[in-house]
Amino acid sequence: MARKVQVLVGTRKGAFIFESDAARRAWSRRGPFCETWPIHHFIADPSDGTLYGAGGNAWFGPAVWKSTDQGASWTHSSTGLAYAEGQPGISAVWSLAAAHGRLYAGVEPAGLFASDDGGETFAPLPALNDHPTRPQWNPGGAGMILHHIVPNPDDAQELWVAISAAGVFYTCDGGNSFSPRNKGTRADFAPEGQREPEVGQCVHGLALAPGGRGRLYQQNHCGMYRSDDGGAQWHSIEAGLPSSFGFPAVAHPRDPERLFMFPLNGADQGRFPVGGHAALWTSSNAGSSWRACSNGLPDDAYFGVLRQAMAADRLEPAGIYIGASNGTLFASADEGESFMTLAENLPVISSIETHAFDG
């Protein structure tokens, strides 16, 4: 059967599905789903295609939406998504990851929960939620959120998470313990002499490279980084970029040397493309050098690209998808060399993920 690909788009007003065949020239669109709730992250379980949406805000409360029939019908659950009595209430679910039969949910205020029944009920992971460093965690610009969950697809015991503003944390025992993994990343906003703390870094994006070698890429509030040892030590790879500031970091699905990022002009300069020139920046040598890809992207652009709003598909060549804060969705079927506009005037795009399947 023909290979198909879905682009799953989470927005401030519901979730959308874009679908195409392997050529990725003509696309269909469905949605909005999830009753137009704020959907911060929209994913498909790679094992069976079940759709999950991370939703909520202070008005709606937290919930994980679920569809087992490609969006024809939906349920949602918040069962178990709560801290102990006397602790702050959870306002929203911000991130999801499905791996090895388990669904993980990252929430605000920052914490990690897990479901072993397909999102019907959730349980907290106290080793992270009650971590000894928690009193040192502080909110970033969007609040204190756990916004990236990165499982190792080859090892059910290994997982990384990213929290703003606390940093990267790692478990190698299925969540029974977590350790900070921030050595080498800066916190330039901290007082002099305190700019490389154990925790307190404002990580923006986190991606695991393929190949099983423990290589990670990170876009931080204060730089772009690579780790070759599972985050134990980070090294700056921002030289050659027009700005060290941005939000998403995306690894190529097959080449561990290849990565993509979308620089913005700076935290205090508007957070839009440098000089108003939208461009995807890519490296083919693990960040040693960079080049810009802008064919098909606007040259008078003042939008942002949020931390989860860029993704790659697993087709050959890989597709790259960028969601802008002005509701424009860009797509490339040739690894970023050229782009087309898939949609305009969507709500603010919070996240993009992809799902390839035979259909």
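Structure's up top.
Draft legend 1. Inspection of the side chain of Ser 67 at higher detail. Of note, Ser 67 is situated in strand S6 (residues 63-67). For Ser 67, a relative accessible area of 1% corresponds to the buried category. In terms of polar contacts, Ser 67 uses its side chain to reach the side chain of Asp 69, at 2.9 Å. Setting aside anything within four residues of it in sequence, one finds Ser 67 in contact with Thr 50, Leu 51, Ala 72, Ser 73 and Trp 74.

Draft legend 2. How the structure looks around the nonpolar core. Core analysis: the largest hydrophobic core is formed by 38 residues, its most contacted members being Phe 18, Phe 262, Leu 280, Phe 303, Ile 322 and Leu 329. Those residues in contact with Leu 329 that lie beyond four places of it in its chain are Val 9, Phe 18, Ile 322, Gly 323, Met 340, Thr 341, Leu 342, Ala 343, Ile 349 and Ile 352.

Draft legend 3. Main features of the layout of surface pockets. Its boundaries defined by the atoms lining it, the second largest pocket holds a volume of some 480 Å³. In this structure, the second largest pocket is lined by 23 residues; those nearest its centre are Gly 141, Ala 142, Phe 247, Leu 306 and Arg 307. Split into classes, the residues belonging to the lining of the second largest pocket amount to 11 nonpolar, 9 polar and 3 charged.

Draft legend 4. View of the packing of aromatic side chains. Within the structure shown, the criterion is met by 12 aromatic pairs. Arranged with centres 6.2 Å apart and planes meeting at 45 degrees, the rings of Phe 42 and Trp 74 form a pair that is tilted. Of this pair, Phe 42 sits in strand S4 (residues 39-44) while Trp 74 is found in the loop between S6 and strand S7 (75-77), placing the two residues 32 residues apart along the sequence. Take Phe 42: its relative accessible area is 0%, and that puts it in the buried class. Aromatic pair Tyr 83 and Phe 113: ring centres 5.7 Å apart, planes at 45 degrees, arrangement tilted.

Draft legend 5. Region of the structure containing the sheet that holds strand S13 (residues 155-164). Reading across the sheet, the 4 strands line up as S12-S13-S14-S15 and stay open at both edges, with antiparallel pairing between neighbours. If you trace the sheet from one side to the other, it starts and ends with strand S12 (145-152) and strand S15 (179-180), each paired once.

Draft legend 6. Summary view of the pairing of strand S3 (residues 28-33). Across 4 bridges, strand S2 (residues 14-21) lies against S3 in antiparallel orientation. Of the residues in S3, the one forming a bridge with Ile 17 is Arg 30. Between the antiparallel neighbours S2 and S3 lie 6 residues, among them Arg 24 with a positive phi of about 60 degrees.

Draft legend 7. Fine view of the pairing of strand S9 (residues 102-108). Burial within S9 is extensive, with 6 of its 7 residues counted as buried. Note: strand S8 (residues 92-99) against S9, 7 bridges, orientation antiparallel. Paired with Val 93 across the bridge in S9 is Val 107. Hairpin connection between S8 and S9: a loop of 2 residues separates the two successive antiparallel strands, and His 100 in this loop has a positive phi of roughly 55 degrees. Where S9 and strand S10 (residues 111-115) come together, 5 bridges link them in antiparallel fashion. Across the sheet, residue Ala 105 finds its bridge partner in S10, namely Phe 113.

Rules of the game
- Residues numbered from 1 in each chain as written.
- Predicted model: local features only at pLDDT ≥ 70, side-chain atom pairs only at ≥ 80, totals over all residues.
- Heavy atoms only, no water.
- Helix = DSSP H or I, 4+ residues; strand = E, 2+ residues; numbered from the N terminus.
- Buried < 20%, exposed > 50% of the residue type's maximum accessible area, 1.4 Å probe, protein only.
- Polar contact = N/O pair within 3.5 Å; in protein donor to acceptor, adjacent residues only side chain to side chain.
- Contact = heavy atoms within 4.5 Å.
- Core = buried A, V, L, I, M, F, W, Y, C linked by side-chain atoms within 4.5 Å.
- 1 Å grid on protein atoms, 1.4 Å probe; cavity = no way out; pocket = protein on both sides within 12 Å on 5 of 7 lines; lining within 4 Å.
- Points joined across faces, edges and corners; volume = space filled by probe spheres on them.
- Nonpolar A, V, L, I, M, F, W, Y, C, P; charged D, E, K, R; others polar.
- Phe/Tyr/Trp six-rings, centres within 6.5 Å; stacked < 30°, edge-to-face > 60°.
- Pairing = 2+ DSSP bridges.

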